[in-house]
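Secondary and tertiary structure notes
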Amino acid sequence: METNFIGAVAVTQAMLPLLKKSKAARIVNLSSTLGSLWSNSDPASPYYSQRLLGYNASKAALNMLTAQLNAELRGTSIAVNSVSPGFVKTDLTDHRGFMTPAEGARLPVQYALLEDGAVSGKFVGPDGETPW
Ligand SMILES: NC(=O)c1ccc[n+]([C@@H]2O[C@H](COP(=O)([O-])OP(=O)(O)OC[C@H]3O[C@@H](n4cnc5c(N)ncnc54)[C@H](OP(=O)(O)O)[C@@H]3O)[C@@H](O)[C@H]2O)c1
């Protein structure tokens, strides 16, 4: 919770005064499909078996930051989204996964470079929009 949620809140609060001066600021919260309430509660979800309480709860909390920030920043040029990179071969996954780090970076970078007026307040992953 400290790293995945409180850390993101603290960094966002520190950066917001600068982001508000920018013409087109983008906030990308690096989330996980494991933080979806749907994937934790619907047995039909392919992620249902991943019972990582601390990790999943921290990403659900991060998604709440996205939703609340989006409401707070409505009408500004700042877009904020939660992005799940997919299952990526990194230290976090003991280098298991379907994607290389470069492939996993694609979606977060895409959302960092959104056009003006593009989506905000969404939760997305490699398969598109993800249920909260
Ligand atoms: N890999 C996946 O399949 C996957 C899937 C969904 C979401 N994600 C998300 O993607 C993000 C990046 O994960 P990753 O897979 O790239 O993992 P990673 O290779 O293990 O990298 C995690 C990074 O976070 C840093 N970190 C950890 N605790 C920290 C702390 N308390 N303060 C500052 N930095 C800290 C680590 O720093 P040090 O190296 O210095 O320890 C490391 O650079 C995470 O938010 C993760 O939840 C990953």
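So, here is what we can say about the structure in this document. (Residues numbered from 1 in each chain as written. Predicted model: local features only at pLDDT ≥ 70, side-chain atom pairs only at ≥ 80, totals over all residues. Heavy atoms only, no water.)

Running from amino to carboxyl end, helix α1 (residues 2-21) crosses helix α3 (residues 53-72) at an angle of 25 degrees, the nearest separation of the two axes being 8 Å. Regarding the angle of α1 to α3, the classification is roughly parallel. Counted together, Asn4, Phe5, Ala8, Val9, Thr12 and Leu16 of α1 and Tyr55, Ser58, Lys59, Ala61, Leu62, Leu65, Leu69 and Glu72 of α3 form the full contact between these two elements. Its residues assigned to classes, the contact of α1 with α3 comprises 9 nonpolar, 3 polar and 2 charged. (Axes fitted to C-alpha atoms, helices over the stretch in contact; angles between N-to-C directions. Helix = DSSP H or I, 4+ residues; strand = E, 2+ residues; numbered from the N terminus. Parallel < 35°, antiparallel > 145°, perpendicular 65-115°, else oblique. Contact = heavy atoms within 4.5 Å. Nonpolar A, V, L, I, M, F, W, Y, C, P; charged D, E, K, R; others polar.)

End to end, helix α4 (residues 101-112) covers 17 Å across 12 residues, agreeing with the expected 16 Å (1.5 Å per residue, within 8%). If you check which residues of α4 are buried, you get Gly104, Leu107, Pro108 and Tyr111. Within α4, the buried residues cover an arc of 90 degrees as seen down the axis, which keeps them to one side. Its buried side turned inward, α4 meets β1 (26-30), β2 (79-83) and β3 (123-125). (Expected span 1.5 Å × (residues − 1). Buried < 20%, exposed > 50% of the residue type's maximum accessible area, 1.4 Å probe, protein only. Arc of directions from axis to C-beta.)

As a further point, take the packing of aromatic side chains. Counted under the stated rule, the structure contains 2 aromatic pairs. Measuring from ring centre to ring centre gives 5.3 Å for Phe87 and Phe98, while their planes differ by 85 degrees; the resulting arrangement is edge-to-face. Of the two residues, Phe87 sits in the loop between β2 and α4 while Phe98 sits in the loop between β2 and α4, which places them 11 residues apart along the sequence. Overall, the relative accessible area of 32% leaves Phe87 in the partly exposed class. A residue is classified by how much of its surface remains accessible, and Phe98, at 71% relative accessible area, is exposed. A cation over a ring is seen here: Arg51 above Tyr48, with NZ or CZ 4.7 Å from the ring centre. (Phe/Tyr/Trp six-rings, centres within 6.5 Å; stacked < 30°, edge-to-face > 60°. Lys NZ or Arg CZ within 6 Å of the ring centre and 35° of its normal.)

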